[in-house]
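# Tertiary structure, described
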Amino acid sequence: MSRQTRPITSAILLLVTWLATAAALAQTTQAPQREVLDRVIAIVDEGVILQSEMAERMQQARERARQNEQQLPPEEALREQIMESLIVENLQLQWAERVGIRIDDDTLNSVMADIADRNNMTFDQYVNALQSAGQYENTREQIRRELAINEVQRGMVNRRISITEQEIENYLNSEQGRASMEPDYLVDQLLVPITGSDSEQAVEARRQHAQSLYERIQDGEPFADVRMSTQQSGNDIQVSASQLGWRKREELPTLFAEVVPDMTLGEAHEPLRSANGFHVLYLRDVRGDSNRMVDQVRARHILISPSEIRTETQAQRLAEDLYEQIQDGESFSSLARQYSDDSQSVVAGGDMGWASEGGMPPQFEARIRDLPAGEVTEPFRTDFGWHIAEVLDRRERDLSQQYRRQLAENALRQRKFELELENWLSELRDEAYVEML
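Bear in mind the structure is a predicted one, so any value in this text is a computation, not a measurement.

## A look at the overall build of the protein
- A tally of regular secondary structure across the protein gives 17 helices and 11 strands.
- When each of the 437 residues of the protein is scored for burial, the buried share is 41%.
- Carbon and sulfur atoms provide 45% of the accessible area of the protein, an area that totals close to 25000 Å².

See below:
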């Protein structure tokens, strides 16, 4: 599981409600009762469901209903619903076990830190609260189970979903698709107001004041400093500052919508005249922008890696010898085919193809970042071994269309996911062996 993109589902976030139910849970799990509660009440394929699991889920359901002022179904119906939920959950965990999904402690701790942060607590405060309630181990295990289920669902369901090129085209051309692709803009403004009773001289003075604010930003003064100065200034001309919040183009005032999409991040726009006065706009941030101009580099290299039959010193000496041969006129590509240990590029004479910024190992990318095209590096070391590298060419590539198509595919996949998940779980349940005891 990628730790940067870990899903934190609503089920995980509800775990914080365990703190409110700790006392009741503790009463149902005291040692004298375990002999009665911890008995098998159902066999599910290769797994089992315990009476203690049922009791705990029943208690959680009651507590959540109480907190949300909801009416629960009759006791027997509630028990049947929870039993069905436990069966499906058990089956998914068995699948996770079969395919080798493991949730390590680092991932678990990171997710718990996210939950703590969402509840305005530090990680230590959250852990201490769970420990005080006697729910620390239970919470960690529930999060681990939830993450494992998320992983198995993502793997099993996504392979059932296919997105055609025609579907992507239709989505991009639809009203919904076009709206979803529109970026959101975060715009600040300074307004120098005018009124209908202002004389031409007063209006001109206000225009000039707005122009001076704009020019200060253009000259490099931070917008925040300019805004602050207008609030503290003793100038007779009043200036109001405001933030419009995140808005799509169609949500902006018409006057602003005509200019904001063409502004670059951190840019101010010269004063715009409206019935209210002169507006100086500043584009503070953009999100969801599908414009993707990417710097790309095409390079080739020879990799010499230490191994069981080649020491570190021998690898370095071989790399230095090959570098000298290249300097003396030997063919880079011929030497790469003969000596390089990079199986992915050796057949192409070391040619690594076009790569976008961030698409190469960081140590390698840093070494060739400022290397002119046609120049060969001296041997240098990375975690993979010793390299000799040459930049063949550089270019700027517009990947906007690919990015838009990827966004469309993701949206379509998400739209189909819930239906396919329901189908998969139904099939999983229908094919399972379940015996109630």
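## So, the pattern of salt bridges
- Following the criterion strictly, the structure yields 28 salt bridges and no others.
- Among the salt bridges present, the one from Arg144 reaches Asp105, with a minimum N-O distance of 3.3 Å. Taken together, the residues Arg144 in helix H8 (residues 136-158) and Asp105 in helix H6 (residues 105-118) connect sequence positions 39 residues apart.
- Where salt bridges share partners, they join Glu53, Arg57, Glu89 and Arg145 into one cluster.

## Describing unusual backbone geometry
- Of note in this structure, Glu69 is not a glycine but carries a positive phi near 55°.
- Checked against the element boundaries, Glu69 lands in the loop between helix H4 (51-68) and helix H5 (75-98).
- Since its relative accessible area comes to 74%, Glu69 is described here as exposed.

## Describing the sheet that holds strand E7 (residues 293-304)
- In space, the four strands of this open sheet follow the order E8-E7-E10-E9, with antiparallel pairing throughout. Both outer strands of the open sheet, strand E8 (351-356) and strand E9 (380-382), are each paired with one neighbouring strand and no more. Neighbour-to-neighbour, the strand axes of this sheet turn through a mean angle of 45°, independent of strand direction.
- Judged from the four bridges that link them, E7 and E8 form a sheet pairing that is antiparallel. What sits directly across from Val297, in E8, is Ala355.
- Contacts from helix H14 (residues 312-327) reach E7, E9 and strand E10 (385-398), with the element oriented near 55° to E10.

## Comments concerning the pairing of strand E6 (residues 277-287)
- Here strand E3 (residues 184-193) pairs with E6 via 10 bridges, running antiparallel. Looking at E6, one finds that Tyr185 is bridged to Val286.
- Sheet analysis places strand E5 (residues 268-274) next to E6, joined by five bridges and oriented antiparallel. Across the sheet, Ser274 pairs through a bridge with Gly277, a residue of E6.
- In this antiparallel pair of consecutive strands, E5 and E6, the connection spans two residues.

## With respect to the packing of helix H9 (residues 165-173) against helix H17 (residues 400-430)
- Two elements in contact, H9 and H17, have axes whose closest approach is 9 Å; the angle formed by their N-to-C orientations is 100°. As far as their axial angle goes, H17 and H9 are roughly perpendicular. Contacts between H9 and H17 involve Glu165, Glu167, Ile168, Glu169, Tyr171 and Leu172 on the former and, on the latter, Gln401, Arg404, Arg405, Ala408, Glu409, Ala411, Leu412, Arg415 and Lys416.
- Residue composition of the contact of H9 with H17, grouped by class: six nonpolar, one polar and eight charged.

Criteria and cut-off values
Residues numbered from 1 in each chain as written. Predicted model: local features only at pLDDT ≥ 70, side-chain atom pairs only at ≥ 80, totals over all residues. Heavy atoms only, no water. Helix = DSSP H or I, 4+ residues; strand = E, 2+ residues; numbered from the N terminus. Buried < 20%, exposed > 50% of the residue type's maximum accessible area, 1.4 Å probe, protein only. Areas by Shrake-Rupley, 256 points an atom, 1.4 Å probe, with all protein chains shown as cover. Salt bridge = Lys/Arg side-chain N within 4 Å of Asp/Glu carboxyl O. Pairing = 2+ DSSP bridges. Axes fitted to C-alpha atoms, helices over the stretch in contact; angles between N-to-C directions. Contact = heavy atoms within 4.5 Å. Parallel < 35°, antiparallel > 145°, perpendicular 65-115°, else oblique. Nonpolar A, V, L, I, M, F, W, Y, C, P; charged D, E, K, R; others polar.

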